[in-house]
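# Tertiary structure, described
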Amino acid sequence: MVLRTRHSTSSLDLSTGSGTGPFQGPSSTNWRRERLLRIGISDGDTPTRAPTTDSEEHIPSETTSLYPNSSPNDYGTLPSFGARASDLHLRRGRPPLPNVQFRRTLSATVISPVSISPTLLRNTLSWRVSQRPISAYDAPLVNSRTAVDETDINVRINGFRVWYSSFSSIDWLHDTIKDSVRFSRLRRGKSFRSHLRLVLDKSLGWIIVTVVGFLSAVVAFLVVRSEQWFFDLKYGYCADGWWKAQRFCCPVPDDLWMSSSDEGNCSSWRAWSDVISSRIRNQPSSTFENDYIEYFTYTCVAILLATLSTLLTIHLTASTSFLTRKESGVLSPLFVTNKDDQEHQPSPQSKRKVLYYAAGSGIPEIKTILSGFVIHGYLGARTLFTKSLGLALSVGSGLSLGKEGPFVHIASCVGNIVSRCHSKYENNEAKRREILSAACAAGVAVAFGAPIGGTLFSLEEVSYFFPPKVMWRSFFCAMIAAITLRFLDPFGTGKLVLFQVTYDKDWHAYDLIFFVMLGALGGVYGAYFSKLNYRWTRHVRNGTWIKDHSVVEVILVTLTTALFCFLNPYARMGGTELVYNLFAECKSGSKNMHFGLCVQEPGNLDHIWPVVRAIFMTMIMKGALTIVTFGIKLPAGIFIPTLGVGACAGRILGVAVRYLQWNHPESTLFSACGDDKDCVIPGLYAMVGAAAALSGVTRTTVSLAVIMFELTDTLTYAVPVMLSVLVAKTVADALEPKGIYDLVIELSQLPYLDAKHEYLWADFSINDVTNTEVDTVCLDRPNTVMSLRDQLQSLLNAGQDDSGFPILRASRDREGMRMVGYIGASELEHALAIVADDPDGQVQFETSYVRAGHDIAASYSSCIEQGPEDPLDFSVYMDEAPLTIQSNSPLPLVHQFFVKLGARYVIVTNTDGDYEGVIDKKNWLAFLSGLEEKS
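Residues numbered from 1 in each chain as written. Predicted model: local features only at pLDDT ≥ 70, side-chain atom pairs only at ≥ 80, totals over all residues. Heavy atoms only, no water.

What follows deals with the environment of Asn771. Turning to its location among the elements, Asn771 is positioned in the loop between α25 (740-748) and β5 (777-778). With 137 residues separating them along the chain, Asn771 and Val908 place their C-alpha atoms 9.1 Å apart. (Helix = DSSP H or I, 4+ residues; strand = E, 2+ residues; numbered from the N terminus.)

Structure follows, in C-alpha cells:
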C-alpha cells in the first residue's frame, strides 16, 4: 500500500489539544466559526460589521429564533415540499459573510482575550459547572493507538462521524455498525481481563436500567410529596410541622380519608381563614367571612404557584440557553453566537420558535427523540430539575392537569443522564435510545403503579426501535421503579397510586350495553377534545397576543380555574383525589361516603339529582379547562384530567343505571341481579368511562387496558375495559385520525416518522421527491479548502444543516457521474476547521479498495499512520457505501428504507448506476406531510 506524503502547512497540532484533531471532541462553536470565516482573508482584510438598526435588537421570547429564517415552522425541521434546493447552487467567489465582525488573533489556535464582564463571568461559571470533556463521537473506534490491521473494514467504509447537532436526525445504520465493531473487538481478547470487560459490557445495560428505575422512583416520590404540600398550602398549613401535607399532619384510616378542603376536627391543621381572622380581629369570624377568606387565599396561592412554575420553565429551559459545543452550522450568517464574543444579533423573523423544554407532558418530544431526532438539553439535568419542581408547583396550583405524563419525561431525563456515564451509550445515540425506552416504561410504572402496563406503553406509544432485549430491560426497569416506590410509600397508604381501587362484585351481561355506550362517548370526547385543543393552540395561543405573553396566559388560566372550581367541591379536589372517589365502591356499612357520591337511597331521584348535577358540572368544567390548559408554558400532563372527565361520565351513567335497577328490579334487563340491591357498581362504570376517554384522547389500547387491570388488582373487569377501549379508539379514529400527541407533533413541526401510518402514494414516483439540484463535490476538479468552505456556506444558507454533499467522479464514458461517497455537513465543517490555515490546500477523497495480493488500503489507515502529516485527506469522514436506490423503484420501497433501516439519506441512481440526486430524511417527511394533506 502506497501512502501519500503530502505535508500541510498548518501550524495546528492535531494530536493534542481539546477539540482540534480529527478524533478529538468538539471545539467551541465560536472558535470554529472564526476559523472558517477567516479562510482566504489576510490579516489586513478584516471585515467590519454593518451597523444594526433598532429593529434587529430584540429580547428572546417565544418567537425568538435559534436559526432565524422566513419559514413559519416552530422548529424549522420540516421544509415545505416543493421548495427545491435551487438555492444550493454553488456561488464561488462570494465574500464570506461581510457583515460579521471577528477579532484578529496572533495565530490560528489562540483567540485574543475579551474584556471581563459580569455576563462573561456568569457564562464562564455556568460553563465550568455544566460542561465536561466530550470525546469525538467515533474516536473509540479509530485512534492513534489502534493498529492498522485492527481497523475494521466496516468502520473504514462507513466513515468517521462527528457529533450530532441539535435538531438533526441520527444515522441508525452507522450507529449499529459502530456498536457491532465495538463488541467484536471486545470478543477478540483472550486474557482474563478481556473476558472480565466483556462480561461487564454485557451487564452494563442491566446495571444502568436498575439505577434508572431506582432514581426514577426517588424523583417521583419527591414530586408527589411536594405536590401534596403545595396543593394543601392553598387551604392552610400544619402547626406541628410546616413541611407536612394535610394527610400526614392529620393521619386517618384510608377508608375515612378526608378532603384537603375540609380540615375536619384536626387541631394540628390551621386553615388560612382562621389564621387571618384571628390576626385581624383576635376572634373567630362568621362562616360567611371565612368562606370569602378561603376563596381569596385559595385563588392567590394558586396563582402564585402557577406563576412560579411558568417562570422556572421559561427562564431555565428555553432552547436558546442550550447551545453546546456539539452544535454545527456555524457558517450560517444567522447562527446564534455568544453576545460577549461577537456583537451578532439574529433577525426578528423566526425559523424556529423558542422551545421550553420543561413545558407540557414531553411525550410528543420523547417520541420524536426515540425515532432518531436529537434535541440537546431536552433530557439534561437542568431540564430534570425544572420539570420536577415545576410539575409539583403546577399540579399543586389546582390547574386541570396531571403529573403522570410528565413522569415519562422525568424518567427519560434520568435515563439519559445515567446512560451517559459510559462511552458505550455516551457515544452511540442508537444504543442510548434503548435505555430511554426502558426509562419511559419506568415513568409509567411510577405514575400508575403498573410495571407491565408501563412496558407495553413504551412499546405501543413512544418507542420506535423495540427489540426483545429492550423489552426485557424495560420490564426490569419498570419493576425496579415500582418496587422502590412501594417501599418509599409516597401516600402513606401502602399504595403506589392514590386511585388504586378494588371491587367485590362481578359485572353482568347487561353491563356490556352501557360499556359500549361509554366507549362511544369516550371516542367522541377524545376526538373533539383533540380538535378543539389543536384549534385553540393554533388560532388563539399562537395566533393572538397570547403568544408573546405566556406568563399572562398562565395567570389568566389559573385565575379562571380557581374562580370556577372553588365553588364545586368535586372540581376543587385534586385530580387523583377526584378519580379515586369516582372509582370507589360504595360499601354497605362504611362510614366513608366519598363526599356524598355514595347515595343512601339510590332509587330516590331527590337524593341522586344533586350529586348527578354536581358531577355533571365538574365534568363540563374539567373538560373545558383542560382544552385551554394543555399547552401552556409549564409542566402539564393530560392523563389525570382525561381520566377525571371520563370517570365523571361513567359515574353519572352508573348512578342512572343503579336508579333504574332499584326502581325496576323485576325488569328482564336486571334479572341477573335477583334480590341484590347493590348489583350495579357506579365506580366500575366510572373506571370504564375513564379508560374510554383516555383511549379516545391518546389512542392507546393494550397498554391502557393493562394499566387498568393493575389499578384494580384483578382481571375480573378485563372484558369491560377492553371493550370500551376498542370502541373508543374506533370511534375516535373515525372522527379524528390523529391523537393528541400526534397533533402536538404536527403543530410543532417535529420530524417524526410514523412507522404505523399507511400512505396513499397515488401517481407519485421517486422523481417527485428526489432532490436533483443539491450541490456536489466533484473529484474531477480541484477541491480546495476555500471552495469547500463556500459550498458548505451555501448549503447552510439554504437551511440544509442536516444534509451533506454527494462525492462524485465522472464515469468512464464521461456521460454521467458515478457515486464515490457522501460527506455530512457536520463532518465537513469539523474537517475544514482543522485545516483553515491552508485555504489553497487541495482536499483529497480516496476510497478503500482491494488489489490482488494486497490488503485493503483505507483512508483510516492513512489518517492513523500519518496523523497530523496529512490533515487534508478527508477520506476518513466519507461514507463510501451510502444507501442507494434506482430511480425506477416504487415509493413504498423508499419508505421502508427510512422506516425499517433508519436511513438518514438515500442516494438515487438511474438504471445505469449514474448519480441522479438525494433524498434526505427531512425532505422525505415533508413529502409525506404533503401526501397527508392531499389525502
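Take the pairing of strand β6 (residues 804-810) next. Within β6, 6 of the 7 residues are buried, leaving the element largely enclosed by the surrounding structure. Pairing analysis gives 7 bridges linking β6 to strand β7 (residues 817-824), with the strands arranged antiparallel. Residue Gly804 lies in a different strand from β7, and its bridge partner there is Gly824. Hairpin connection, β6 to β7: the antiparallel pair is bridged by 6 residues, and Arg814 has positive phi, about 60°. (Buried < 20%, exposed > 50% of the residue type's maximum accessible area, 1.4 Å probe, protein only. Pairing = 2+ DSSP bridges.)

Let us now look at the packing of helix α16 (residues 511-541) against helix α24 (residues 718-735). Taken N-terminus to C-terminus, the directions of α16 and α24 make an angle of 40°; their axes are 7 Å apart at the nearest point. The interaxial crossing formed by α16 with α24 has right-handed handedness. In contact with Leu512, Phe515, Val516, Gly519, Ala520, Gly522, Gly523, Val524, Ala527, Tyr528 and Lys531 of α16, α24 contributes Val719, Pro720, Leu723, Ser724, Val727, Ala728, Val731, Ala732 and Leu735. The residue inventory of the contact of α16 with α24, partitioned by class, reads 15 nonpolar, 4 polar and 1 charged. (Axes fitted to C-alpha atoms, helices over the stretch in contact; angles between N-to-C directions. Left-handed = near helix turned anticlockwise from the far one by under 90°. Contact = heavy atoms within 4.5 Å. Nonpolar A, V, L, I, M, F, W, Y, C, P; charged D, E, K, R; others polar.)

A few words on the sheet that holds strand β9 (residues 905-909). The sheet built from 3 strands is open, its strands ordered β8-β9-β10 with mixed pairing. If you trace the sheet from one side to the other, it starts and ends with β8 (884-886) and β10 (915-920), each paired once. Here the average twist between neighbouring strands, direction ignored, is 30°. For β9 and β10, the ladder comprises 5 bridges, and the chain directions are antiparallel.

Further remarks concern the nonpolar core. Ranked by size, the top nonpolar core spans 128 residues in total, and within it Phe407, Tyr510, Phe583 and Tyr685 carry the most contacts. Leave out the neighbours within four places in its chain, and Phe407 touches Ala220, Val223, Val224, Leu391, Gly443, Val446 and Ala447. One finds Leu796, Val820, Leu828 and Val835 within the second-largest nonpolar core, a separate group that totals 34 residues. (Core = buried A, V, L, I, M, F, W, Y, C linked by side-chain atoms within 4.5 Å.)

Before going further, it helps to examine the confidence of the model for the protein chain. Summing up the model confidence of the protein chain, the mean pLDDT is 79 and the portion of residues at 70 or higher is 76%. Mean pLDDT across the elements of the protein chain bottoms out in helix α2 (residues 118-130) (41) and peaks in helix α10 (residues 381-396) (95). When the criterion is pLDDT under 50, residues 81-135 qualifies, and its contacts beyond four places in sequence or with other chains add up to 115 contacts. (pLDDT = per-residue confidence, 0-100.)

What follows covers the sheet that holds β7. In a beta sheet, neighbouring strands pair by backbone hydrogen bonds and run either parallel or antiparallel. In space, the 3 strands of this open sheet follow the order β5-β6-β7, with mixed pairing throughout. Looking at which strands have only one partner, the edges of the open sheet turn out to be β5 and β7. Across the sheet, helix α26 (residues 785-797) lies against β5 and β6, angled at about 130° from β6, the strand it touches most. Helix α27 (residues 825-834) contacts β6 and β7 of the sheet and is inclined by roughly 75° relative to β7.

Attention now moves to α24. The first and last C-alpha atoms of α24 sit 26 Å apart over 18 residues, in line with the 26 Å expected at 1.5 Å per residue. All of the buried residues along α24 are Ala718, Pro720, Val721, Ser724, Val725, Val727, Ala728 and Ala732. Lining the buried residues of α24 we find α16, α22 (682-698) and α23 (702-712). (Expected span 1.5 Å × (residues − 1).)

For the rest of this paragraph, the subject is unusual backbone geometry. Even without being a glycine, Asp489 presents a positive backbone phi close to 55°. In the Ramachandran plot, Arg699 falls in the positive-phi region, its phi being about 65° despite a non-glycine side chain. For Arg699, a relative accessible area of 8% puts it in the buried group.

We now examine the state of the cysteines. Tallied over the full model, the rule gives 2 disulfides. Through a disulfide, Cys238 is tied to Cys249; the S-S separation comes to 2.1 Å. Taking the sign of the S-S torsion, about 75° here, the bridge from Cys238 to Cys249 comes out right-handed. With Cys238 in strand β2 (residues 236-238) and Cys249 in helix α6 (residues 246-249), the pair connects residues that are 11 residues apart, well separated along the chain. The disulfide partner of Cys673 is Cys679, and the gap between their sulfur atoms is 2.1 Å. (Disulfide = S-S within 2.5 Å.)

Attention shifts here to the pattern of salt bridges. In total, this model carries 26 salt bridges according to the counting rule given. Residue Asp179 is joined to Arg182 by a salt bridge in which the shortest nitrogen-to-oxygen separation is 3.0 Å. One end of the pair, Asp179, and the other, Arg182, are both in helix α4 (residues 172-188), 3 residues apart, so they sit about a helical turn from each other. Asp179 gets classed as buried once you look at its relative accessible area, which sits at 15%. Shared partners join several salt bridges into a network, and the residues in it are Asp179, Arg182, Asp201, Lys424, Lys431, Glu434, Lys469 and Arg473. (Salt bridge = Lys/Arg side-chain N within 4 Å of Asp/Glu carboxyl O.)

On the surface, Leu200, Ile207, Val211, Phe214 and Leu215 cluster together into a nonpolar patch covering about 410 Å² of accessible area. Note that Leu200 resides in helix α5 (residues 192-232). (Patch = residues over 30% accessible without salt bridge, like charges linked within 9 Å, V, L, I, M, F, W, Y side chains within 5 Å. Areas by Shrake-Rupley, 256 points an atom, 1.4 Å probe, with all protein chains shown as cover.)

Let us look at the packing of aromatic side chains. Under the defined criterion, the tally for this structure stands at 28 aromatic pairs. With centroids separated by 6.3 Å and ring planes inclined at 55°, the aromatic side chains of Phe514 and Tyr685 adopt a geometry described as tilted. Of the two residues, Phe514 sits in helix α16 while Tyr685 sits in helix α22, which places them 171 residues apart along the sequence. When sorted by exposure, Phe514 lands in the same class as Tyr685, which is buried. Taken together, the ring pairs in this structure connect Tyr759, Trp761, Phe764, Phe898, Trp924 and Phe927 into an aromatic cluster. One residue, Lys234, lies across the ring of Phe231, its end atom 3.4 Å from the ring centre. One residue, Arg572, lies across the ring of Phe566, its end atom 4.9 Å from the ring centre. (Phe/Tyr/Trp six-rings, centres within 6.5 Å; stacked < 30°, edge-to-face > 60°. Lys NZ or Arg CZ within 6 Å of the ring centre and 35° of its normal.)

Our next topic: the packing of helix α11 (residues 404-419) against helix α13 (residues 429-448). Two measures define how a pair of helices packs: the angle their axes make with one another and the distance between the axes. Relative orientation of the contacting elements α11 and α13 amounts to 140°, with a least axis distance of 7 Å. Between α11 and α13, the crossing angle belongs to the class labelled oblique. For the crossing formed where α11 meets α13, the hand is right-handed. On α13, the residues that touch Glu404, Phe407, Val408, Ala411, Ser412, Gly415, Asn416 and Ser419 of α11 are Arg432, Ile435, Leu436, Ala439, Cys440, Gly443, Val444, Val446, Ala447 and Phe448. Residue classes in the contact of α11 with α13 are distributed as 11 nonpolar, 5 polar and 2 charged. (Parallel < 35°, antiparallel > 145°, perpendicular 65-115°, else oblique.)

Right, let's get into the environment of Val301. Here Val301 shows up in helix α8 (residues 287-316). Among the residues examined, Val301 registers a relative accessible area of 16% and is labelled buried. For the pair Val301 and Ser397, spaced 96 residues apart in the sequence, the C-alpha separation amounts to 7.3 Å. Aside from chain neighbours lying at most four places away, what touches Val301 is Leu233 and Lys234.

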